[in-house]
Amino acid sequence: MGYTGNIAVLGGGSWATALSKLLLNNCEQITWYMRRDDRIEEFLRLGHNPAYLTDVTFDTNRIIFSSDINEVCAAADILLLAMPSPYFKSHIDKISVDISDKVIVSAIKGIVPDENQLITDFMVDRFGVDINRELVISGPCHAEEVALDRPSYLTIGGRDPELARRFADLLGGKHTHTITSTDVDGIEYAAVLKNVYAIAAGIIHGMKRGDNFSAMLISNAIREMARFIDAVDPRPRQICDSVYLGDLIVTAYSRFSRNHNFGSMIGKGYSVTAARMEMEQTAEGYYAAKCITDINRRYDVQMPILDAVYDILYRNVSASKAVNRMAQTFD
């Protein structure tokens, strides 16, 4: 512990809970915005998040809870955004205070729906945030494994390397290894795409196409990811680094992956609507498939895996037909 600046976590889900656990290993206190007062009351009574990662206990004397997002944003130096991307705007639209001088840290692995913008770009356009005071967080790191104190790996991306390093130090610890990068846009796009590819991997699993086919899917997916990211943000990057390939692999294969599980239900024969209703948490790849498809109309990158997932989710194409067509592009 030791950092005394005011860090505010915005979001009440599993990822927000895991990141709060990591921050409190190195910070004296955090502020935590949750939308629902009843959840805050239960958290204070139980000493843990009543809905997510319930095995992780907190010293609630070191947390200032609030359901008033403007109160939280006005008081904080650093705003850590950790809500699912489909609900991002419903929270952010409530902000009326000036946050242009804040450090904004996005742990959101998605694009702003309807806007088809990266979170960092949206914050610049909407609130006048300094692009050099924005950071992004990506894995490979499942919230559930943070809760279990298993080794976890985080990359903190920022255009200001020193700022990224300082925040990385706030998250690092015995079980959490952190590195930094200046590839902010690449990290954000990779975090979006890996959810789409995890749905594809889940569909393959549900269809019982086997490990060989799954391996081909992921080897083609990482190349597809590289083609897209290089098209939208051409710069040197190593696509096999953990923040790209590692995060893709863990999201595509892990039992903790909600996107994989969502895809698996579809592969087993669930309708898209039924699979969405069955999910207890948000499968962000569902929204990402549409957003990236819309963005790619400007770039026309060859993305057969994305196309297959989009066809299944939004065009009512059968999983078997879409997967067979996708497989013909593999090499």
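## Observations concerning the nonpolar core
In summary, soluble globular proteins display a tendency toward joint burial of nonpolar side chains. Of all hydrophobic cores here, the largest spans 59 residues; its most connected members are Met-225, Phe-228, Phe-262 and Ile-292. Looking at this core, the elements with two or more residues in it are helix 8 (184-206), helix 9 (211-232), helix 10 (242-253), helix 11 (258-267), helix 12 (272-278), helix 13 (284-296), helix 14 (304-314) and helix 15 (319-327). A total of 13 residues in this core trace back to one element, the largest contributor, which is helix 8. Look past the residues within four positions of Phe-228 in its chain and what remains in contact with it is Tyr-189, Leu-193, Ile-292, Ile-295, Asn-296, Val-301 and Met-303. Listed in part, the 39 residues of the second largest apolar core include Ala-16, Ile-30, Phe-65 and Ile-78.

## Considerations on the pattern of salt bridges
Tallied over the full model, the rule gives 19 salt bridges. Note that Arg-126 and Asp-93 form a salt bridge whose closest N and O atoms lie 2.8 Å from each other. In this pair, Arg-126 is assigned in helix 5 (residues 119-127) and Asp-93 in the loop between helix 4 (88-92) and strand 5 (103-106), connecting sequence segments 33 residues apart. Looking at Arg-126, the relative accessible area reads 37%, which means it is partly exposed. The class for Asp-93 is partly exposed, based on a relative accessible area of 41%. In this structure, Arg-237 and Asp-233 form a salt bridge, with 3.0 Å as the shortest nitrogen-oxygen distance. Accessibility classification places Arg-237 together with Asp-233 in one group, the buried group. Each of the salt bridges in this network shares a partner with another, and the network as a whole consists of Asp-183, Asp-230, Asp-233, Arg-235 and Arg-237.

## With respect to the sheet that holds strand 4 (residues 78-81)
In space, the eight strands of this open sheet follow the order 3-2-1-4-5-8-9-10, with mixed pairing throughout. Of all strands in the sheet, those bounded by a partner on one side alone are strand 3 (63-66) and strand 10 (176-181). Across the sheet, the axes of successive neighbouring strands diverge by a mean angle of 20°, strand direction being ignored. Taken together, the four bridges between strand 2 (residues 30-33) and strand 3 define a ladder with parallel strand orientation. Along strand 3, the bridge assignment pairs Thr-31 with Ile-64.

Cut-off values and rules
Residues numbered from 1 in each chain as written. Predicted model: local features only at pLDDT ≥ 70, side-chain atom pairs only at ≥ 80, totals over all residues. Heavy atoms only, no water. Core = buried A, V, L, I, M, F, W, Y, C linked by side-chain atoms within 4.5 Å. Buried < 20%, exposed > 50% of the residue type's maximum accessible area, 1.4 Å probe, protein only. Helix = DSSP H or I, 4+ residues; strand = E, 2+ residues; numbered from the N terminus. Contact = heavy atoms within 4.5 Å. Salt bridge = Lys/Arg side-chain N within 4 Å of Asp/Glu carboxyl O. Pairing = 2+ DSSP bridges. Axes fitted to C-alpha atoms, helices over the stretch in contact; angles between N-to-C directions.

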